Amino acid sequence: MLVKNGFEGIDFFINHPEMLPHIGNERNLFVCECVHLPEKIFENQAEKFLNWYEEPTAKNFEGLSDKDWRAAKVYFDVRQTICRNYDKYAEPKNQRLFYEISELYNKIISDTFKKYLDFYKMYFGYGYDMQHMHRIYAMSELDYDLNQDAKERWKNCSFCTYFQRPNLTAGSFQEIMDGEDEKAFKIFQQFLEVIDPKEVFVLSQKASDSIKKFFGDGVPENIHFFNSEFPSQWSVESHKEFVTVVENFATRRAKYHLQNWTRVTGRKKFVEVA
């Protein structure tokens, strides 16, 4: 797997390209705790992973049959995880990891757009003729932003795991080597520099605790901490924080579209975005 776009400067991803984050078009990064390997294959296999951060992926899976290797790779390939764990009809239910939060994320953005953007008026304010291609391009961008479904919006975000080794059991990440927590934090810092996200949503209590511990009093303001991937498990305060941050993002997008609409049509804005 080719490692590029800045990640080639991080030695860990040269050894483990399957752990590369998913990078979407939007600068919102969601951080999950970890990925899990199928327990039936990896029961009592911890000794194989004690050199995970120093050895390439293949070394840690030596001795597996081709079938088991393919099954394992599907589980720990981070960029596949964002799609595999979305399906709201998936069985078992742990395959629905991101459905709840992606639906909430989509609803907040959609509601905010509807508050500021009157698509019908803007649509007929452009004029679809070949003399005004700049209007067509602007309108197509607006149409795309307004009409994405929850899965499309989710895939436009970026996604990574905090702990950079797949967990060997279900449940909270289990450290099996000395200093693993600190190693995960250092890699997290490195890919924050590469991605340069606008907002970071950490969806794990264990990952949140680790980040707070190593950043100390210097936690960046754009990092937001949540105890779970499931909004139904959040506190009222956490839910309000998430809504506020996503609304602010959507409002900036709405303002961009209104400015673009004004530029290509020469008309006054009919809604002012604060």
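Check the entry above for the structure.
Everything numeric in this text was worked out from a predicted model, so none of it was measured. (Residues numbered from 1 in each chain as written. Predicted model: local features only at pLDDT ≥ 70, side-chain atom pairs only at ≥ 80, totals over all residues. Heavy atoms only, no water.)

## Things to note about the overall build of the chain
Point 1. What the chain contains, in helices and strands, is 12 helices and four strands.
Point 2. Of all 274 residues assigned to the chain, the portion counted as buried reaches 48%.
Point 3. On the chain, roughly 14,200 Å² of surface is accessible, and the fraction owed to carbon and sulfur atoms is 49%. (Helix = DSSP H or I, 4+ residues; strand = E, 2+ residues; numbered from the N terminus. Buried < 20%, exposed > 50% of the residue type's maximum accessible area, 1.4 Å probe, protein only. Areas by Shrake-Rupley, 256 points an atom, 1.4 Å probe, with all protein chains shown as cover.)

## Here's the deal with the layout of surface pockets
Point 1. One number sums up the size of the second largest pocket: a volume of about 160 Å³.
Point 2. Taken together, 10 residues form the lining of the second largest pocket, with Lys4, Asn5, Phe7, Leu20 and Arg79 sitting closest to its centre. (1 Å grid on protein atoms, 1.4 Å probe; cavity = no way out; pocket = protein on both sides within 12 Å on 5 of 7 lines; lining within 4 Å. Points joined across faces, edges and corners; volume = space filled by probe spheres on them.)

## What to know about empty space enclosed by the protein
Point 1. The full count for this structure, using the stated rule, is one cavity of 30 Å³ or more.
Point 2. Of the pockets and cavities examined, the largest cavity occupies roughly 70 Å³.
Point 3. Lining the largest cavity are Glu26, Tyr105, Ile109, Phe113, Asp145, Gln148, Arg153, Asn156, Phe249 and Arg253.
Point 4. Looking at the lining of the largest cavity, the elements that each hand over two or more residues are helix 6 (99-116), helix 9 (150-156) and helix 12 (236-265).
Point 5. It is helix 6 that provides the largest number of residues to the lining of the largest cavity, a total of three residues.

## Here we look at the nonpolar core
Point 1. Counting residues in each nonpolar core, the largest one holds 73 residues, and the members touching the most others are Phe13, Phe30, Phe61, Leu117, Tyr162, Phe191 and Phe242.
Point 2. Looking at which element gives the most residues to this core, the answer is helix 12, with nine residues.
Point 3. Ignoring sequence-local partners within four residues, the contact set of Tyr162 consists of Val31, Cys32, Glu33, Asp181, Ala184, Phe185, Phe188, Ala207, Ser210, Ile211 and Phe214. (Core = buried A, V, L, I, M, F, W, Y, C linked by side-chain atoms within 4.5 Å. Contact = heavy atoms within 4.5 Å.)

## A few points about the packing of helix 6 against helix 12
Point 1. Contact geometry of helix 6 with helix 12 gives a least axis separation of 8 Å together with a crossing angle of 45°. It follows from the interaxial angle that helix 6 and helix 12 lie oblique. The handedness of the crossing between helix 6 and helix 12 is right-handed. Contacts between helix 6 and helix 12 pair Ile101, Leu104, Tyr105, Ile108, Ile109, Thr112, Phe113 and Tyr116 from the former with His239, Phe242, Val243, Val246, Glu247, Phe249, Ala250, Thr251, Arg253, Ala254 and Leu258 from the latter.
Point 2. Residue composition of the contact of helix 6 with helix 12, by class: 14 nonpolar, three polar and two charged. (Axes fitted to C-alpha atoms, helices over the stretch in contact; angles between N-to-C directions. Parallel < 35°, antiparallel > 145°, perpendicular 65-115°, else oblique. Left-handed = near helix turned anticlockwise from the far one by under 90°. Nonpolar A, V, L, I, M, F, W, Y, C, P; charged D, E, K, R; others polar.)

## So, the environment of Lys114
Point 1. With respect to the element layout, Lys114 can be found in helix 6.
Point 2. Sequence spacing of Lys114 and Leu146 is 32 residues, and the spatial spacing of their C-alpha atoms is 8.5 Å.

## Some points on the pairing of strand 1 (residues 28-32)
Point 1. Along strand 1, five of the five residues are buried, which leaves the element largely enclosed by surrounding structure.
Point 2. Judged by which residues are buried, strand 1 turns out to be covered on both faces: Asn28, Phe30 and Cys32 on one side and Leu29 and Val31 on the other are all buried.
Point 3. Here strand 1 runs beside strand 3 (residues 199-203); their pairing, made up of four bridges, is parallel. Directly across from Phe30, in strand 3, lies its bridge partner Phe201.
Point 4. Direction of pairing for strand 1 relative to strand 2 (residues 158-161): parallel, over a ladder of four bridges. Following the sheet pairing, Phe30 is matched in strand 2 by Phe159. (Pairing = 2+ DSSP bridges.)

## Topic: unusual backbone geometry
Point 1. The phi dihedral of Asp196 falls on the positive side, at around 50°, and the residue is not glycine.
Point 2. Mapped onto the secondary structure, Asp196 falls in the loop between helix 10 (180-195) and strand 3.

## As for the packing of aromatic side chains
Point 1. Overall, the coordinates contain 30 aromatic pairs when judged by the stated rule.
Point 2. Seen in terms of ring centroids, Phe12 and Tyr53 are 5.6 Å apart; in terms of plane orientation they differ by 35°. Their pairing is tilted. In this pair, Phe12 sits in helix 1 (residues 11-15) while Tyr53 sits in the loop between helix 2 (39-42) and helix 3 (57-60), placing the two residues 41 residues apart along the sequence. When sorted by exposure, Phe12 lands in the same class as Tyr53, which is buried.
Point 3. Considering the side-chain rings of Trp69 and Phe76, the 6.1 Å spacing of their centres and the 55° angle between planes classify their relative orientation as tilted.
Point 4. Judged by its relative accessible area of 27%, Trp69 falls in the partly exposed class.
Point 5. Phe76 sits in the buried class, given a relative accessible area of 0%. (Phe/Tyr/Trp six-rings, centres within 6.5 Å; stacked < 30°, edge-to-face > 60°.)

## Section: the sheet that holds strand 1
Point 1. Strand order in the open sheet formed by four strands is 2-1-3-4, with parallel pairing between adjacent strands. Looking at which strands have only one partner, the edges of the open sheet turn out to be strand 2 and strand 4 (223-226). Neighbouring strand axes in the sheet, compared pairwise and without regard to direction, differ in orientation by 20° on average.
Point 2. Direction of pairing for strand 3 relative to strand 4: parallel, over a ladder of four bridges. Residue pairing for strand 4: Val200 is matched across the bridge by Ile223.

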